[in-house]
Amino acid sequence: MSLIAGDAAGCAVLARALGRVAAGVAAQARALRSCLPIWNGAAGDAERSSALLLSDLLDAQADRLAGAGRALAEFAADLEGAQRQASAADCLPRQTPDDLAERARILAVARRSADLAQDRLLTRLRGLDTLGPVVTGVPGPVMGPAVPGTTAQGPGSPLSLPGPVDLIDLVNSLVMAPSALAGEAAKRALAAGLAARSLKDATRTGSAAERALARAEWREALRNYRHLRGSERAFAATAGRLPAPSWLTRVNSPLSEALPVVRSIPVASVLVVGAGTGLDVLAGKSVPMALTKNVAATAAGMAAFSGASTVLVGAGVVGGPVVLGAVAAGFIVSYGVGQAVEHWGDDVADAASAVGDAVGDVASGAKDLAGGAGKAVSGAWNSVFG
Amino acid sequence: MRQIDVEPSELVTAGGCVDLVAHALLVMRSQLLAVGSPDPGRADTRSGLAVTMERLLRDLALSGQVAVGHADDLRAAASAYRAVEARAVRTR
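Here is what the cut-offs are and how they apply
- Residues numbered from 1 in each chain as written.
- Chains lettered and ligands numbered in written order.
- Predicted model: local features only at pLDDT ≥ 70, side-chain atom pairs only at ≥ 80, totals over all residues.
- Helix = DSSP H or I, 4+ residues; strand = E, 2+ residues; numbered from the N terminus.
- Buried ≥ 20, exposed ≤ 12 C-beta atoms within 10 Å, placed from the backbone.
- Contact = placed C-beta atoms within 7 Å.
- Axes fitted to C-alpha atoms, helices over the stretch in contact; angles between N-to-C directions.
- Parallel < 35°, antiparallel > 145°, perpendicular 65-115°, else oblique.
- Left-handed = near helix turned anticlockwise from the far one by under 90°.
- Nonpolar A, V, L, I, M, F, W, Y, C, P; charged D, E, K, R; others polar.
- Expected span 1.5 Å × (residues − 1).
- Core = buried A, V, L, I, M, F, W, Y, C linked by C-beta atoms within 7 Å.
- pLDDT = per-residue confidence, 0-100.

Go over the overall build of chain B with me, naming the residues and quoting the values.
Summing up its helical and strand segments, chain B has two helices and zero strands in all. Here chain B holds 92 residues, and the buried ones make up 39% of them. Across chain B, the fraction of contacts at a sequence separation of at least 24, relative to all contacts at a separation of at least 6, is 87%.

Now the structure itself:
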């Protein structure tokens, strides 16, 4: 076994495969250009422009594949050289202190050159742009139905369709939303009741004018309290009408009532994170990336749902649209953050703010929510990876 | 009457060509997947290589999907033109 870790032969094999695929993609682009149908008129122009966009896309992709192949081939050669140098140093005599010093020096040089080669590889790989922005420029189908299996917003979108875990999370959120909103209304009603009681005491003291002012404020506080109690009853009634099994209620209970940190995290969210991470790992993602994506997405979704429900209950609106609005805010943020982490996982903070902006555009008045999502993602990231 | 300046069979042929492109892209993607990502040695490089490979594979799949969509467009256009032609014949 070499003193310097790394599979130089495997890297060389992949480099050659990337080169072959790059050549194949370039050949496909040429073939596509050569078989462009020759006809006149609007239909011909539309076909040509669409096919040329595709061939440009293929050319760009061939360049990226070839670039990755070249970087990897160079790295494989450098790594092999460093490993050979380290092996040669390992065979040197070790009888005198000078021998040992010489051996250590050669080993350090070999390790240093392997490190430099790895840095160069990493820099070059990170420098390879992906096709996201280019693909986005390709117009969607002009005629006919959407192609099965294509992305959510047509062939040009980098977004993938929500998976089974996203949908389970959505259904679960819909089931637990009315209870959560009723809880939020109850909390606010309690605070409003305490405020009304202290104002009532004020109606019995002071001058006549002060008592009159206190009475007006007390009536307003009382109205607010009754409205919040009404909201609580309405949401509780909605929760009671939902055909949810009793075990789901237990799944949605907090991880631990005793610990303030986990009091607001339902068991269901942990299960969703676990299932989502497992499925992503099975689909070939690394464990840290899958965990980051699912923790960040779920945390951001919870923050968005909580923010939306606070705002909506505070605004005094009640009914099905409120439930759907809060759940939709949570789902959009959760799904968007998951997608962003998946595609731009190298820079989660930027990804979160990008999703925050997108959500801000979609849901009017949800700017605070988006900021909350960004903070939640950073928090989730730090809590998992320090 | 509006002049139809394309042969539906031409569209179908073009659709077939683009379909071949899509098929070739997806075959190349599966070839790359079969090679897999070797271990370059250090955790950050491993991660960098895995992310790059994932993106390259995704790009191949995306352009394959774009090609499939384009081929479907061409076939749909061929059907539409055939329908227009048939209606024109009936009108005459």
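Mind laying out the overall build of chain A, listing which residues take part and the relevant values?
A count of helices and strands for chain A gives twelve helices and zero strands. Counting from the amino terminus, chain A carries its helices and strands in the arrangement α-α-α-α-α-α-α-α-α-α-α-α. Counting across all 386 residues of chain A, residues that qualify as buried make up 35%. Restricting to contacts in chain A with at least 6 residues of sequence separation, those with at least 24 account for 66%.

I'd love a proper account of the packing of helix α1 (residues 8–35) of chain B against helix α2 (residues 43–91) of chain B, names of residues and values included.
All names here are of chain B. At a closest axis distance of 8 Å, the pairing of α1 and α2 adopts a crossing angle of 165°. The orientation of α1 with respect to α2, classified from their angle, is roughly antiparallel. Pair α1 / α2 crosses with left-handed handedness. Of the residues assigned to the contact of α1 with α2, the class counts are 22 nonpolar, four polar and four charged.

Account for helix α3 (residues 97–127) of chain A, with residues named and values stated.
Structural remark: α-helix, 3.6 residues per turn; residues separated by three or four positions point the same way. Taking 1.5 Å as the rise per residue, α3(A) with 31 residues should run 45 Å; its terminal C-alpha atoms sit 45 Å apart, in good agreement. Of all the positions in α3(A), only Ala110(A), Ala114(A), Ala117(A), Gln118(A), Leu121(A), Leu122(A) and Leu125(A) are classed as buried.

Describe in detail the nonpolar core, supporting the description with residues and values.
Ranked by size, the top nonpolar core spans 51 residues in total, and within it Leu18(A), Val25(A), Leu72(A) and Ala67(B) carry the most contacts. For this core, the leading source of residues is helix α2 (residues 42–90) of chain A, giving 14 residues. In contact with Leu18(A), not counting residues within four places along its chain, are Leu65(A), Ala68(A), Gly69(A) and Leu72(A). Judged by nonpolar contacts, the second largest core, of ten residues, contains Ala182(A), Ala185(A), Ala189(A) and Ala239(A).

Pulling in residues and values, what's your account of the packing of helix α1 (residues 8–34) of chain A against α1(B)?
The contact between α1(A) and α1(B) brings their axes to 10 Å, and the two run at 175°. It follows that α1(A) is roughly antiparallel to α1(B) by the angle criterion. Contacts between α1(A) and α1(B) involve Val13(A), Leu14(A), Ala17(A), Val21(A), Gly24(A), Val25(A), Gln28(A), Ala31(A) and Leu32(A) from the former and Cys17(B), Val18(B), Val21(B), Ala24(B), Leu25(B), Met28(B), Gln31(B), Leu32(B) and Val35(B) from the latter. Broken down by class, the residue content of the contact of α1(A) with α1(B) amounts to 15 nonpolar, three polar and no charged.

So what's going on with the confidence of the model for chain B? Residues and values would help.
Per-residue confidence for chain B gives a mean pLDDT of 78; residues scoring 70 or more make up 91%. ipTM for the predicted complex: 0.80, alongside a pTM of 0.46.

Residues and numbers for the confidence of the model for chain A, please.
Detailed reading of the predicted coordinates is not advisable wherever pLDDT falls low. Residue and element names in this part refer to chain A. Taken over all residues, the pLDDT of chain A has a mean of 70, while the share at 70 or more is 51%. Averaged over each element, pLDDT in chain A is lowest for helix α12 (residues 367–385) (39) and highest for α1 (90). Throughout residues 132–158 the model reports pLDDT below 50, and contacts reaching past four residues in sequence, or to other chains, amount to 53 contacts. Confidence over residues 346–386 falls short of pLDDT 50; this stretch has 74 contacts with residues more than four positions distant or in other chains.

I'd like a description of the environment of Ala196(A), backed by residues and values.
Residues and elements named next belong to chain A. Residue placement: Ala196 occurs in helix α5 (residues 164–202). Note on Ala196: 19 C-beta atoms within 10 Å, which makes it partly exposed. In this structure, the C-alpha to C-alpha distance between Ala196 and Glu217, residues 21 residues apart in sequence, is 8.3 Å. Setting aside residues up to four positions removed in sequence, Ala196 forms contacts with Trp218, Ala221, Leu222 and Tyr225.

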